[in-house]
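# Structural characterization, general
Okay, here's what each chain looks like letter by letter:
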Amino acid sequence: LDAWIENEIDHFILARQKEAGVFPNKAASKRILARRAYLDLLGLPPSPEEMDTFLSDSSPEAWSRLIDRLLASPHFGERQARHWMDVARFAESFGFEQNYDRPNAFYYRDFLIEAFNEDMPWDQMVRWQLAGDELVPDDRMAWMATGFLVGGVFPTQITEAEFEQSRYDEIDDMVGTTGAAFLGLSIGCARCHDHKYDPIPVHDYYEMAATFATAIRCETPLEFNAESFQTRQQSWTEKREQLAADLKGYEDAKLRGEFGKWLKQPTGLEEIAPDSAWSVLSLEKVSSRDGATFTQQPDGSWLASGKSPAFDETTVVTNVAAGASALRIEALTHDSMKRKGPGRAGNGNFALSDLKIEAKTGDGKSVPVKLVDARATHQQDKGTLSVKGSIDGNRDKTGWAVDRGGIGKDQAAIFVFEKPLEADAKLTVTMRFHLNTQHTFGRFRLAVSENPAAHFELGQGGEIHLTSATAKLKAGKSELSPKERDAVWAWFAGRDADWKKQKAALDAHLAAEPKREMKPVMVCSEGLPPMKNHADGRGYPHFYPNVHHLNRGDPKQKQEVAEPGFLRVLMPEEKSETQWKIERPAESKSSHRRSALASWMTDPEIGSGRLLARVIVNRIWQQHFGKGIVATPNDFGFQGSSPTHPELLDWLAKDLLENGWKLKRLHKQIMLSAAYRQSSDHDAADSAKDLDNDLLWRFESRRLEAEPIRDSMLAVSGQLDRTLYGPGSKSNSMKRRSIYFFIKRGHLPNPMIVFDWPEHLVSIGKRPTTTVAPQALYLMNDPEVRSYAAGLANRANGSIEAVYQIALGRHPTDAEQKTAAEFLANQKGRYANDAAGEAATMTDFCQAILASNEFLYLP
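Criteria and thresholds
Residues numbered from 1 in each chain as written. Predicted model: local features only at pLDDT ≥ 70, side-chain atom pairs only at ≥ 80, totals over all residues. Heavy atoms only, no water. Core = buried A, V, L, I, M, F, W, Y, C linked by side-chain atoms within 4.5 Å. Buried < 20%, exposed > 50% of the residue type's maximum accessible area, 1.4 Å probe, protein only. Helix = DSSP H or I, 4+ residues; strand = E, 2+ residues; numbered from the N terminus. Contact = heavy atoms within 4.5 Å. Pairing = 2+ DSSP bridges. Axes fitted to C-alpha atoms, helices over the stretch in contact; angles between N-to-C directions. 1 Å grid on protein atoms, 1.4 Å probe; cavity = no way out; pocket = protein on both sides within 12 Å on 5 of 7 lines; lining within 4 Å. Points joined across faces, edges and corners; volume = space filled by probe spheres on them. Nonpolar A, V, L, I, M, F, W, Y, C, P; charged D, E, K, R; others polar. Expected span 1.5 Å × (residues − 1).

### A look at the nonpolar core
One finds Trp84, Phe111, Trp122, Phe182, Trp600, Met601 and Trp621 to be the most contacted residues of the largest nonpolar core, which totals 170 residues. Ranked by residues supplied to this core, first place goes to helix H16 (residues 609-625) with nine residues. In this view, Phe182 contacts Trp84, Trp122, Val126, Gln129, Leu130, Phe148, Thr177, Met601, Leu611, Leu612 and Val615; residues no more than four positions away in its chain are not counted. If you look at the next biggest cluster of nonpolar residues, it comprises 38 residues, including Phe294, Val429, Leu446 and Val448.

Now the structure itself:
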């Protein structure tokens, strides 16, 4: 028997078998092992070519090399992420009555796929899922990971009396899911009383709940493809500097001298005219609703000073000539503002949440000017904080802001009228700033144009200085102010053909500056605007500063404030929570309580790291054998199952810790064992001694889950779209892998429900496996299954042999070949004797293969 052993795992397995007097099965055939490995690690069957490659490799390392190839596949991450999404109760809607979508929740799923593919150490994955925003605030992936905490349900339609109860329920979901997913403990049972079975007092529950006190569900723009942006930005900058140097060289070598001579004896002054599509407005009135002071500047702009209101409205009144079709608002920098602005916020930003324009014509009637489009030199993102957000009607929810690359620079936005003004009018422009505290303009200037497609001409206003300079030159005065001299220089240089050519090249290059790819992502964080819901209008606070100990879990029976803490049973008596406390950086908006929790959770010496390792080892063992060493993966407490091989569980956990928490290595260890490579043959004598196969004397063949069943049908039909990442789909006819279904609670995809897809309400440690009539009816009658069968038939091109090789990875036996031929002959009578009839007959046969146990089961 000892010769059966392949690695350390088998020593533990064989020792228990010897005690019970059972004998392990021999190894399965290479064909079965290949199919088992592909379906197990990737959730997809091997192609005929992949099967042939493995079968033709006679090296002793063939099996090891196959595992390495599968672990390196991008589809490995998809398969592993889907397992964990059950545990994380991931879904993309709020649940309850309204069940609104969370369109940007899918980034958490994408994080999982990428992290598993990169073999991110498990302790790092855990830390990021709990506090990535605090620990690595500059890493997009770390923010995406926090979607774990806010993946649960939430009632968006609540009454004022339910606000606080809902918040405690939300925190309970975070605590309960964190405990079950990472530690295999039902911590949530201690919400109302000390845990009835495990050493978790209600006091510890509320201390752990306090770590999430100010953590909220929010959406924030994150930068994607940062590395490629840096590369493109560097290349763009180098070319910009070269073009600018060439232009300056031309100016210095030739044009500046000619300009100096011209100033002494200027000619062509009658040709000088302000060359601008924009007319800077002279404002009759500028007022602040809440007390800011505005002072007019020489260039036609207005500078704010004095009181900086938390929220404000700025109203201006000005006269505009008929024909105006667009308004330009320039937000300009100034040394009086933080980081030069152009906003008055502490970081130099502003947020124009709403823009309204009314026009009063000579007849005294005042009518609104409808704004139909907007564009800006820079906007903080393409969604909530985009320039179109200031004209979309969401007065306090969206608006134009310019952080993430726009601070410290002059900015401008153009707002296009639905139709030009038909007559001269007095305009009243109201600018509302209600998105964030003190996010108002620090210095602004308004202009109008008859051309709605006019260029920004950012920072212009030079027409004022050009006019005054022209008057001086005509009067024989050559002493010009710096701004007047610059305005005349721009006119003079613009008459030189070579200068214009080089300037045009530079302007074209400047217009093509690379943009950062910013996308809104649903995350869990602190200090950011929370995601909106129906209760906002009634003052829902989203979170309360403190979590109280509650009598019987009732928010109406508050006791003392709970201090952040962890489970005492999982730390030495002499240690306290301060052992893992993370000092909050001065610039951080977050409490860093979750960072401390993450440190305790992953500490294998005096924290809960050893239990964390046991739980994930057990989950991965369950993935490969269908049942964990602990059969209750979400409950390692006294109510959970006892481990069948406790020493093996401890050894695997210790090995994981000693090898950097690397999960791919753990997968390979398990699959290299003789226990995993056994056949699934049944033995009556062994079964009598170990009916449930707890001692692993054979490999337990089991039905595949919903995802690999559907994905396998798509794969063998040739219809599978293997695109990774991105938003999910609600369509049952989607051709991507099933992990990319949009998971809307209460409206799950039909192909998934029939094969026991869980309702994503709480953490699911193990799915049930049922055998019910709707499964057979689905395989026989669903149009999508019929299309998969037709695709397989088309690939097989009439060959029974090819059907078996593509779908089952093997050749048919003589008996199967004969039976299949008889079936096809009998079916021909059902259809017309033509090409369409032959195709339908072959499709019937392929559909029968797709419905077979061999196709639906892990061998």
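Moving on from the coordinates now.
### What about the sheet that holds strand S9 (residues 354-360)?
Pairing in this open sheet of five strands is antiparallel, and the strands run S3-S6-S14-S9-S10 from one edge to the other. One side of each edge strand has no neighbouring strand; the edge strands of this open sheet are strand S3 (283-288) and strand S10 (366-368). Recorded for the sheet is a direction-independent mean angle of 20° between the axes of neighbouring strands.

### Considerations on empty space enclosed by the protein
Applying the stated criterion across every chain yields a total of five cavities of 30 Å³ or more. There is about 110 Å³ of room inside the largest cavity. Elements represented by at least two residues in the lining of the largest cavity include exactly helix H9 (163-183) and strand S1 (216-224). In terms of residue class, the lining of the largest cavity is made up of six nonpolar, two polar and four charged. Around the second largest cavity, the lining residues are Gly43, Glu78, Arg79, Arg82, Glu707, Pro708, Asp711, Arg737 and Ile739. Of all the secondary-structure elements, those providing two or more residues to the lining of the second largest cavity are helix H5 (74-87) and helix H21 (706-717). Residue classes in the lining of the second largest cavity are distributed as two nonpolar, one polar and six charged.

### Re H21
Given 3.6 residues per helical turn, the α-helix brings residues three or four places apart onto the same face. The terminal C-alpha atoms of H21, which comprises twelve residues, lie 17 Å apart, in line with the 16 Å expected from a rise of 1.5 Å per residue. Where burial is concerned, most of H21 is hidden: twelve out of the twelve residues are buried. Along H21, the residues that are buried comprise Ala706, Glu707, Pro708, Ile709, Arg710, Asp711, Ser712, Met713, Leu714, Ala715, Val716 and Ser717.

### As for the pairing of S9
As paired strands, S9 and strand S14 (residues 425-433) are joined by seven bridges and run antiparallel to one another. In the sheet register, Lys356 faces S14, and the bridge partner there is Thr430. One ladder, built from three bridges, connects S9 with S10; its direction is antiparallel. Counted as the bridge partner of Ala359 is Val367 from S10. The hairpin turn running from S9 into S10, its antiparallel successor, is five residues long, and Gly364 in that turn takes a positive phi close to 90°.

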